[in-house]
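Observations on the model geometry
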Amino acid sequence: MSNKAVPKRCDVVVIGGGPAGSSVAALLAKQGVDVVLLERALHPRQQVGESLIPHVWKYADLTGVSGLIEKEGFVAKAGGITVWNGRIHRIAFSDFGFNRPALHVERDIFDQLLLQHAENQGAAVFQQVSVRGVDLGADWPVVSYQDKRGGDLSDGVIRCRYLIDASGASAVLAGQFKSKCLIASRMRFLSLWGHFKNSRYVAADGRSHAPEQVHKIKPITFVTSFEDGWIWHIAMRKVTSVGLVINSDRARAMDKAQRERFYLQTLKTAPYMECLLANAEYLPDSFRQRPDYSYYSTRLCGENFYCIGDAASFVDPIYSHGVLNAFYNASLVAMAVVESLKHPEFRARHAQLCENRIRQFYGFSRSLALGEFGGDGVDAELVRRFMRQVPTVELELMFAASFMSERSQNFHAMAQDAGLAMSSPGAKVHFMESLCL
Ligand SMILES: Cc1cc2nc3c(=O)[nH]c(=O)nc-3n(C[C@H](O)[C@H](O)[C@H](O)COP(=O)(O)OP(=O)(O)OC[C@H]3O[C@@H](n4cnc5c(N)ncnc54)[C@H](O)[C@@H]3O)c2cc1C
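Predicted, not measured: the structure shown is a model, and the values here were computed from it. (Residues numbered from 1 in each chain as written. Predicted model: local features only at pLDDT ≥ 70, side-chain atom pairs only at ≥ 80, totals over all residues. Heavy atoms only, no water.)

1. Some details on the pattern of salt bridges
Opposite charge on two side chains lets them pair, provided their charged atoms get close. Defined as follows: Salt bridges are counted wherever a side-chain nitrogen of Lys or Arg sits within 4 Å of a carboxyl oxygen of Asp or Glu. Put simply, DSSP H or I for four residues or longer makes a helix, DSSP E for two residues or longer makes a strand, and each gets a number counted from the N terminus. Each residue is placed in one exposure class: buried if its accessible area under a 1.4 Å probe, protein chains only, is under 20% of its type's maximum, exposed if it is over 50%, and partly exposed if it falls in between.
A full pass over the atoms with the stated rule returns 21 salt bridges. A salt bridge links Asp249 to Arg252, with the shortest nitrogen-to-oxygen separation between them at 3.1 Å. A salt bridge links Glu381 to Arg385, with the nearest nitrogen and oxygen atoms 3.8 Å apart. Placement of both Glu381 and Arg385 in helix 10 (residues 380–389) is noted, with a separation of four residues, approximately one turn of the helix. For Arg385, a relative accessible area of 40% puts it in the partly exposed group.

This is the structure in structure tokens:
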């Protein structure tokens, strides 16, 4: 961790050292841009989002971090099984021709590795420095921060030519702009999650296996619906992440302790969890919650600022699009900023292009993960155009996955409108009679 003073000026300030911020900082630094990243926490810090789909490798290759990820030895996963309203479906990534594995990652370790990589590429990284506000009106944006290193608090400012907000759900700029919108209330969800030791896990054969087998017999991400919600079960190296997603209204009146009791009680009675967690040990310190997590911002990019990753929008974790979205946004914005530094006369155009692209991906995820399109920051034509450009293998996987829950009717309709010849899930979504847990 750097003890150096935060500089007074630089080309680019990035707020936040999650996957979005670390990736954009690494890409910029690699290209010789003078970039400063300010991160509020001290890594490793806790974060949710442990299931990664195989698409992430192309972005990891771009930033140059793939070697570090491979070396870490995260759990490789084989695919997914969902039990949705009693129907069991399975997909295997190998059926789609992916030759690199999807992963289950401990996010504290994964995110620290990405941040370290950004620093190795030449980004000046300052942890425990929290951004308090940004003045975008000045010729050079002025970023005010509080430096909490060493236990003392001191305030400071740094000026930059471009500001990239990658502050995740804190969404610093959207907060200032008052541009953060929650989506329709019936689709507002609360998530409660925690970690367990010694949980059995589900593999592609539909059987459960002892936790020690996780490197020998690949797990799948296991999802089961219950009442109006669903549960994820993600086996990692030492612990298993188990999360509950319910409509926010169901738990609005509960305090944190009541929600934790509700979480544990639900897992005791939820289908399949009873067997998987029978001999597992709950780790109470790991309990976390995130209410009303689906939102979007109506203002994403401008002549001197960009909002990326969760700071721009977040839809829903069901198809593991969060980290992918963060990586994708980072790669777009790194290109736009490098070009804008070279040719400032085109910066408005670059900002507009990025805004459209970020919205497109948000709409794509939105159509996949939640039913009933209707406003919610989505331009359907942008999404249809995006669908025509997505590499076939990736679109095919998403299309197959969309048949595993009953929430993707929009996606099917959009794919048809876009003229894509994908009217059935084909042979790549396997229906299973039962699981043997
Ligand atoms: C319940 C749930 C389950 C999920 N499951 C998955 C999953 O299985 N797979 C998946 O891909 N995604 C998942 N996600 C989404 C995933 O967690 C996020 O999309 C991803 O972490 C976004 O990365 P980011 O870099 O934009 O933000 P973050 O990872 O949130 O990083 C933002 C960083 O900014 C820092 N920060 C915040 N405010 C400030 C400030 N003022 N100054 C300085 N620094 C600041 C924070 O400390 C943090 O380190 C899930 C999300 C939820 C809510």
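2. Let's talk about the packing of helix 8 (residues 322–342) against helix 9 (residues 347–369)
Cut-off, in case you're wondering: For helices, the fitted line uses only the C-alpha atoms of the stretch in contact; every axis is such a line through C-alpha atoms, and the angle between N-to-C directions lies from 0 to 180 degrees. Put simply, angles under 35 degrees are roughly parallel, angles over 145 are roughly antiparallel, angles from 65 to 115 are roughly perpendicular, and the rest are oblique. Two residues form a contact once any of their heavy atoms are found within 4.5 Å.
The interhelical angle for the contact between helix 8 and helix 9, taken along N-to-C directions, is 170 degrees, at an axis separation of 9 Å. Classified by the angle between their axes, helix 8 and helix 9 sit roughly antiparallel to one another. Contacts between helix 8 and helix 9 pair Leu324, Asn325, Tyr328, Asn329, Leu332, Val333, Ala336, Glu339 and Ser340 from the former with Arg347, His350, Cys354, Arg357, Ile358 and Phe361 from the latter.

3. Structural notes on the nonpolar core
Test applied: Buried residues of nine kinds, namely Ala, Val, Leu, Ile, Met, Phe, Trp, Tyr and Cys, make up a nonpolar core once their side-chain atoms join them within 4.5 Å.
Grouped together as the largest cluster of nonpolar side chains are 124 residues, with contacts concentrated most on Leu28, Leu38, Leu163, Ile164 and Tyr306. Counting residues in hydrophobic clusters, the runner-up holds 27 residues, among them Val202, Val242, Ile246 and Leu267.

4. Looking at the sheet that holds strand 23 (residues 313–314)
Put simply, the rule reads: DSSP calls a pair of strands paired once it identifies at least 2 bridges connecting them.
Read across the open sheet, the three strands follow the order 12-20-23; overall the sheet is antiparallel. The outermost strands of the open sheet, each flanked by one partner alone, are strand 12 (180–182) and strand 23. As paired strands, strand 12 and strand 20 (residues 295–297) are joined by three bridges and run antiparallel to one another. When the sheet's bridge partners are listed, Lys180 is paired in strand 20 with Ser297.

Nothing here speaks to function; it is geometry throughout.
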